[in-house]
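# Chains, contacts and geometry: an overview
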Amino acid sequence: MKKILSLFVLAAAFSSCQDDVSFNSPAVQGYKDREVWQAESYTATVGSNNALTVVATRGYETLTLRTTNSTAGDYTLGGDASNTATFLFNADGVVQEYTTTDADASGRVSVSADPKETDLSKGYITGTFRFQALDASGNELSFTSGHFYKLPVTRVP
């Protein structure tokens, strides 16, 4: 009897275990200065000139990625590149803005060519990003292993 009861308890314990796995789709996330950063809200827009703008926010922080085109490929950030990344912190009168427009800044935004991940005709886009940006005082901020995944795209005139 003890063996049957033990077997029953063991079976009940294993049957109640489950994996709570949640996937963020769509999502914008990465490592900001080696800490996980995940957006609470985001938008992706493509203008009439086909330029892409991704804006992601978390609390008082706003990340903006701009590329001159929304087609699949790599877009270089830094210096006088037309593609930019900006990170803005704005809370209680404290404003810190980091940008890749400085000559010492660098980075890349890559738009995925996989039609399962990026299909502008169906209204979604996926890509990766990484960058080092500077503020007006020369302080550095870095984003690594950044991803934007299946963001809904809005076309603007």
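Refer to the structure printed above.
Here goes a summary of the coordinates provided. (Residues numbered from 1 in each chain as written. Predicted model: local features only at pLDDT ≥ 70, side-chain atom pairs only at ≥ 80, totals over all residues. Heavy atoms only, no water.)

## Description of the packing of aromatic side chains
Where we set the bar: Here a pair means two rings of Phe, Tyr or Trp (six-membered ring of Trp) with centres within 6.5 Å. Their orientation is stacked below 30 degrees between planes, edge-to-face above 60, and tilted elsewhere. Either the NZ atom of lysine or the CZ atom of arginine qualifies as a charge over a ring when it sits within 6 Å of the ring centre and within 35 degrees of the ring normal.
With the rule as written, the count across this model stands at 7 aromatic pairs. It is Lys 150 that lies over the ring of Tyr 124; its NZ or CZ is 5.3 Å from the centre.

## Digging into the environment of Asp 74
Put simply, the rule reads: Starting at the N terminus, helices and strands are each numbered in turn, a helix being any DSSP run of H or I of at least four residues and a strand any DSSP run of E of at least two. Here a residue-residue contact requires only that any non-hydrogen atoms of the pair lie within 4.5 Å. Any N or O atom pair separated by 3.5 Å or less is treated as a polar contact, with the protein-specific requirement of one donor-capable and one acceptor-capable atom, and with residues adjacent in sequence counted only for side-chain atom pairs.
Examined against the element boundaries, Asp 74 turns out to sit in strand 6 (residues 73–77). Separated by 37 residues in sequence, Asp 74 and Val 111 place their C-alpha atoms 6.5 Å apart. Not counting residues within four places of it along the chain, the set of residues in contact with Asp 74 comprises Arg 108, Val 109 and Ser 110. At 3.5 Å, the side chain of Asp 74 and the side chain of Arg 108 are in polar contact. Here Ser 110 takes part through its side chain, which lies 2.5 Å from a polar atom of the side chain of Asp 74.

## A look at unusual backbone geometry
Just so we agree on the cut-off: For the exposure calls, accessible area comes from a 1.4 Å probe over protein chains only, and a residue counts as buried if that area is under 20% of its type's maximum, exposed if over 50%, partly exposed in between.
The phi angle at Asn 50 is positive, at roughly 75 degrees, despite the residue not being glycine. Summarising the element assignment, Asn 50 is placed in the loop between strand 3 (41–46) and strand 4 (52–58). The partly exposed category is assigned to Asn 50, whose relative accessible area is 21%. Despite not being glycine, Ser 145 has its phi angle at roughly 50 degrees, a positive value. Residue classification places Ser 145 among the partly exposed residues on the basis of a relative accessible area of 46%.

## Observations concerning the nonpolar core
Selection rule: Working definition of a nonpolar core: buried Ala, Val, Leu, Ile, Met, Phe, Trp, Tyr and Cys residues. They are joined through side-chain atoms within 4.5 Å.
Core analysis: the biggest nonpolar cluster contains 26 residues, and Val 28, Leu 63, Leu 65, Phe 129 and Phe 131 have the highest contact counts within it. Taken together, the elements giving at least two residues each to this core come down to strand 3, strand 4, strand 5 (61–67), strand 6, strand 7 (84–91), strand 9 (106–111), strand 10 (124–134) and strand 11 (140–155). Ranked by residue count, the leading element in this core is strand 11, at 5 residues. Beyond its immediate chain neighbours, meaning those up to four positions away, Leu 63 contacts Val 28, Trp 37, Val 54, Val 55, Ala 56, Thr 86, Phe 87, Phe 129, Phe 131 and Phe 143.

## Focus on the side chain of Thr 99
Among the structural elements, Thr 99 can be located in strand 8 (residues 94–99). Setting aside anything within four residues of it in sequence, one finds Thr 99 in contact with Ala 85, Thr 86, Ala 105, Ala 133 and Leu 134.

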